[in-house]
Amino acid sequence: MKPTVRFGIISTAAIAKEVMIPAIRRTSHAEVVAIASESGKAKQAAKELGIPKAYDSYGQLLDDPDVDAVYIPLPNSLHAEWTIKAAKKKKHVLCEKPAALCAEDVRRMIEACEENGVLFMEAFMYQFHPQHERVKQLLADGAIGDIKYMRSHFSFYLQDRETNIRMNDELGGGSLFDVGCYCVHSTRHILGAEPIELFVQSHFDSHHSVDLTTNGWMRMENGVLAQFTCSFDMFFKNEYEIIGTKGNIVVSRAYRPDVDDGEGRITIVTADGSEREETVSGDQYALQIEHFSRSILEGTPLLYSPERMIQQARTLDACRTSMKTGAIVRL
């Protein structure tokens with residue numbers, strides 16, 4: 001039998017049941033052995049999904065010696081608490097994005113995992129889709145000349161605003177944390193650079209005190225200007241564009257190619273008037289699980305390092321500061 005990582009799922013959230021558990025089952029080196037809920041839903045979920053064990057508390061799942069790693073899709077405000085508790089029980093942790101609500105909490109999470117000899121990774125699944133490596137290769141090959149500008153956009157129209165946790169500020173809601181974090185992350189990931197200053201403006205919901213739409217610009221350390229838009233108030237769109245001195249590249253299914261059967265789409269336009277389209281397919285959720293599992297089993301480094309997770313959190317901290325003060329923030 002092939003070695004596998006035995007996952008416990010901390011929550012019966014829709015993303016766990018509908019996306020991550022099926023993704024784990026599409027991999028070669030992982031399996032789901034337990035699920036926990038503190039709302040009494042674990043047993044029914046386990047029955048529906050064919051999971052061997054169900055627990056009525058997260059702590060009980062962490063005490064299970066048959067669980068090697070946990071996936072945490074809890075509300076954002078609970079990520080730090082349960083990552084640290086899992087680490088102390090010697091469980092590896094794959095935690096939904098954003099890893100925590102501030103950089104200091106992310107540091108504490110990383111320290112707890114390092115002290116207990118377990119791996120910890122924030123679940124930015126999009127980065128495992130092979131279309132982004134193709135984009136980086138095109139940029140490195142000079143396909144559009146010197147890079148001058150990058151814009152990113154991730155939005156969808158949120159329907160159930162009275163009950164959705166995305167609208168709860170105390171739980172870490174708002175469009176920046178939910179979808180804007182992808183824009184920030186992809187800018188840093190694709191350009192291979194960190195922002196040195198940024199400015200953010202937001203439109204807030206008058207009843208729930210969360211940002212419905214956020215626009216921002218970032219000046220990167222390599223001189224590139226980057227802009228992003230995220231929103232709960234717009235039609236579904238998930239793309240980024242990079243403009244250079246000799247052309248531009250548009251990735252029109254940047255963050256959720258899975259809704260198009262995993263097919264990413266890259267359009268390259270060059271100064272000579274030529275335009276071509278490339279399609280790149282991949283199962284980004286399964287690829288993320290496979291990478292995390294192999295790192296556990298083989299001791300290989302994670303693609304997404306602790307240092308990069310802290311930098312992501314620092315950038316989001318700066319965005320929130322600018323959002324609240326209306327000032328340019330220098331990092």
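Scoring rules and cut-offs
Residues numbered from 1 in each chain as written. Predicted model: local features only at pLDDT ≥ 70, side-chain atom pairs only at ≥ 80, totals over all residues. Heavy atoms only, no water. 1 Å grid on protein atoms, 1.4 Å probe; cavity = no way out; pocket = protein on both sides within 12 Å on 5 of 7 lines; lining within 4 Å. Points joined across faces, edges and corners; volume = space filled by probe spheres on them. Helix = DSSP H or I, 4+ residues; strand = E, 2+ residues; numbered from the N terminus. Nonpolar A, V, L, I, M, F, W, Y, C, P; charged D, E, K, R; others polar. Salt bridge = Lys/Arg side-chain N within 4 Å of Asp/Glu carboxyl O. Buried < 20%, exposed > 50% of the residue type's maximum accessible area, 1.4 Å probe, protein only. Disulfide = S-S within 2.5 Å. Pairing = 2+ DSSP bridges. Contact = heavy atoms within 4.5 Å. Axes fitted to C-alpha atoms, helices over the stretch in contact; angles between N-to-C directions. Polar contact = N/O pair within 3.5 Å; in protein donor to acceptor, adjacent residues only side chain to side chain.

(A) Region of the structure containing the layout of surface pockets. Computed from the structure, the largest pocket encloses a volume of approximately 1,100 Å³. A13, I15, I165, R166 and D178 are the residues nearest the centre of the largest pocket, which is lined by 40 residues in total. Those elements that place two or more of their residues in the lining of the largest pocket are α1 (14–25), β7 (147–157) and α7 (175–191). With five residues, the top contributor of residues to the lining of the largest pocket is α1. Looking at the lining of the largest pocket, its residues break down into 20 nonpolar, 11 polar and nine charged.

(B) Quick look at the pattern of salt bridges. If you walk through the whole model with that rule in mind, you get 28 salt bridges. Note that R253 is salt-bridged to E263, the shortest N-O span being 3.1 Å. With R253 in the loop between β12 (247–251) and β13 (263–270) and E263 in strand β13, this residue pair connects regions lying 10 residues apart in the sequence. What makes E263 partly exposed here is its relative accessible area of 26%.

(C) Just unusual backbone geometry, in detail. Here the residue pair K97 and P98 is connected by a cis peptide bond, since its omega of -15° sits within 30 degrees of zero. The topology assignment puts P98 in the loop between β5 (92–96) and α5 (103–115). A positive phi is found at K90, a non-glycine position, where the angle reads about 65°. Along the polypeptide, K90 turns up in the loop between α4 (79–88) and β5.

(D) Quick peek at the state of the cysteines. Taken as a whole and assessed by the stated rule, the structure comprises zero disulfides. Of all cysteine sulfurs in the structure, the one in C95 sits closest to C102, which takes part in no disulfide; the separation is 13 Å.

(E) Representation of the sheet that holds β13. An order of β14-β13-β12-β11-β7-β10-β9-β8-β15 is seen for the nine strands of this open sheet, with the pairing classed as mixed. Edge strands, defined here as strands with exactly one partner in the open sheet, are β14 (275–281) and β15 (329–330). With two bridges joining them, strand β8 (residues 195–204) and β15 adopt antiparallel strand pairing. Considered in β15, the bridge of L198 is made with V329. Here helix α9 (residues 306–325) sits on the sheet and contacts β8, β9 (211–220), β10 (225–231) and β15; the angle it forms with β8, its principal contact strand, is near 50°.

(F) Examining the side chain of E241 more closely. Note on placement: E241 falls in strand β11 (residues 233–244). At 2.7 Å, the side chain of E241 forms a polar contact with the side chain of R151. Of note is the side chain of E241, whose polar atom sits 2.8 Å from the side chain of N248. The residues contacting E241, other than those within four sequence positions of it, are Y149, M150, R151, N248, I249 and V250.

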